[in-house]
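The primary structure of each chain is shown beneath.
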Amino acid sequence: MYSKEDQRTRILVEGAVLCGLSVALSYVKLWQLPQGGSITLENLPLFIYAYRHGLKAGVLAGGMSGLLQLLLGGYMVHPLQALLDYPLAFAALASASFVRKPFWAGLAIGTFARFLCHFFSGVVFFASYAPEGTPVWLYSAIYNGTFMVPALVLNIALGHFLLPRLLRLPGWSKAGH
C-alpha cells in the first residue's frame with residue numbers, strides 16, 4: 001500500500017499535527033495554579049501518538065511539544081528546571097506506550113512519569129514556595145498532584161470516548177510500532 005518512506009513521512013506528519021494540537025490545547029486551561037501548572041487536555045494527543053507509534057516516536061513528539069511550550073512563553077528559573085518542566089516532562093508521557101491495554105493504565109504511567117519530572121523540578125528549584133515547616137518533597141508532590149491527577153482523570157475520560165472512534169478510522173487500526 002505505502003512504501004516504507006511514505007509510511008515514515010505519514011508518521012512524522014501525524015506527530016507534527018498532534019504535537020501542534022498538544023501545544024494549542026495547552027492554552028485551553030480549565031484551571032491554573034498560581035506558580036504554574038494547569039488542568040488541560042494537552043497530554044491526550046501525545047498519549048494517542050505514543051499509543052499508536054511507540055516510545056521512540058512518542059518521546060520525540062512529546063519533547064518537541066514541551067520545547068515549543070517553553071519557547072512560546074514557558075516559565076524558566078534555571079536551564080535544568082526548564083529542561084525538566086518542558087521537554088523532559090512531555091517526552092516522559094511517551095512511557096504510556098509501555099501498557100497499551102487497558103488504555104487508562106498507559107495514561108496513568110505516562111502521567112506519573114511527567115509528574116516525576118515536575119516533582120523533582122519543584123523539590124530542587126521551587127523549595128522556597130513551601131510553607132514553613134512543610135517538607136519540600138511533600139509540598140512538591142501535593143502542588144504538582146493538584147493539577148496532574150485531575151488532568152489524568154480528564155484525559156482518561158476523553159480518551160475512553162475518543163480512542164475507540166479513532167481506531168475505526170482508515171489507517172488508524174494498526175499502530176506503526
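Reading guide: rules and limits
Residues numbered from 1 in each chain as written. Predicted model: local features only at pLDDT ≥ 70, side-chain atom pairs only at ≥ 80, totals over all residues. Heavy atoms only, no water. Helix = DSSP H or I, 4+ residues; strand = E, 2+ residues; numbered from the N terminus. Contact = heavy atoms within 4.5 Å. Salt bridge = Lys/Arg side-chain N within 4 Å of Asp/Glu carboxyl O. Buried < 20%, exposed > 50% of the residue type's maximum accessible area, 1.4 Å probe, protein only. Expected span 1.5 Å × (residues − 1). Bend = angle between axes of the 7 residues up to and from the residue. Patch = residues over 30% accessible without salt bridge, like charges linked within 9 Å, V, L, I, M, F, W, Y side chains within 5 Å. Areas by Shrake-Rupley, 256 points an atom, 1.4 Å probe, with all protein chains shown as cover. Phe/Tyr/Trp six-rings, centres within 6.5 Å; stacked < 30°, edge-to-face > 60°. Lys NZ or Arg CZ within 6 Å of the ring centre and 35° of its normal. Axes fitted to C-alpha atoms, helices over the stretch in contact; angles between N-to-C directions. Parallel < 35°, antiparallel > 145°, perpendicular 65-115°, else oblique. Left-handed = near helix turned anticlockwise from the far one by under 90°. pLDDT = per-residue confidence, 0-100.

Cis geometry marks the peptide bond from Lys101 to Pro102; its omega dihedral reads -5 degrees. Position of Pro102 among the secondary structure elements: in the loop between α3 (79–92) and α4 (103–125).

The next subject is the environment of Phe147. Positionally, Phe147 belongs in helix α5 (residues 136–167). Residues Phe147 and Gln32, 115 residues apart in the sequence, show an inter-C-alpha distance of 7.9 Å. Setting aside residues no more than four positions away along its own chain, Phe147 makes contact with Leu33, Gly37, Ser38, Ile39, Arg114 and His118.

The next subject is the pattern of salt bridges. Applying the stated rule across the entire model yields two salt bridges. Arg114 is the partner of Glu42 in a salt bridge, and the nearest nitrogen-oxygen pair spans 3.4 Å. Remark: Arg114 occurs in helix α4 and Glu42 occurs in the loop between β2 (38–39) and α2 (43–71); sequence separation between them is 72 residues. Glu42 gets classed as buried once you look at its relative accessible area, which sits at 5%.

Further remarks concern α2. Between its terminal C-alpha atoms α2 stretches only 18 Å, short of the 42 Å expected from 29 residues at 1.5 Å a residue. Roughly 145 degrees is the biggest bend found in α2, and it falls at Gly54. Here α2 lies mainly inside the structure; 21 of its 29 residues are buried. In the stretch just after α2, Gly73 is the one whose phi turns positive, near 125 degrees.

It is worth spelling out a nonpolar patch on the surface at this point. Where nonpolar side chains cluster on the molecular surface, the patch consists of Tyr27, Met64, Leu67, Leu68, Leu71 and Leu72 and spans about 600 Å² of accessible area. Relative to the elements of secondary structure, Tyr27 occurs in the loop between α1 (4–25) and β1 (31–32). Since its relative accessible area comes to 52%, Tyr27 is described here as exposed.

Attention now goes to the packing of aromatic side chains. Taken as a whole and judged by the stated rule, the model has seven aromatic pairs. The interplanar angle of 25 degrees and the centroid separation of 6.0 Å between the aromatic rings of Phe115 and Phe119 together place this pair among those described as stacked. Of the two residues, Phe115 and Phe119 both sit in helix α4, four residues apart, roughly one turn of that helix. Phe119 carries the same exposure label as Phe115, and that label is buried. Centre to centre, the rings of Phe119 and Phe120 are 5.3 Å apart; their planes meet at 65 degrees, and the pair counts as edge-to-face. Here the aromatic cluster, defined as three or more aromatic residues joined through ring pairs, consists of Phe112, Phe115, Phe119 and Phe120. The residue whose ring lies beneath Arg100 is Tyr51, and the NZ or CZ to ring-centre distance is 4.3 Å. The ring of Phe161 has Arg165 lying over it, and the distance from NZ or CZ to the ring centre is 4.0 Å.

The subject of this paragraph is the side chain of Asn43. Within the fold, Asn43 resides in helix α2. By relative accessible area, which is 2% here, Asn43 ends up buried. Residues in contact with Asn43, not counting those within four places in the same chain, are Phe90, Leu93, Arg114 and Asn155.

Orientation of α1 relative to α2, taken along the N-to-C sense of each, is 55 degrees, at an axis distance of 8 Å. Overall, the two elements α1 and α2 adopt an arrangement that is oblique. The two elements α1 and α2 cross, and the hand of that crossing is right-handed. Contacts between α1 and α2 pair Ile11, Leu12, Glu14, Gly15, Leu18, Cys19, Leu21, Ser22, Val23 and Leu25 from the former with Pro45, Leu46, Tyr49, Arg52, His53, Ala61, Met64, Ser65, Leu68 and Gln69 from the latter.

Predicted confidence across the chain gives a mean pLDDT of 93, with 97% of residues reaching 70 or more. Across the chain, the secondary-structure element scoring lowest on mean pLDDT is β1, at 92, and the one scoring highest is α3, at 98.

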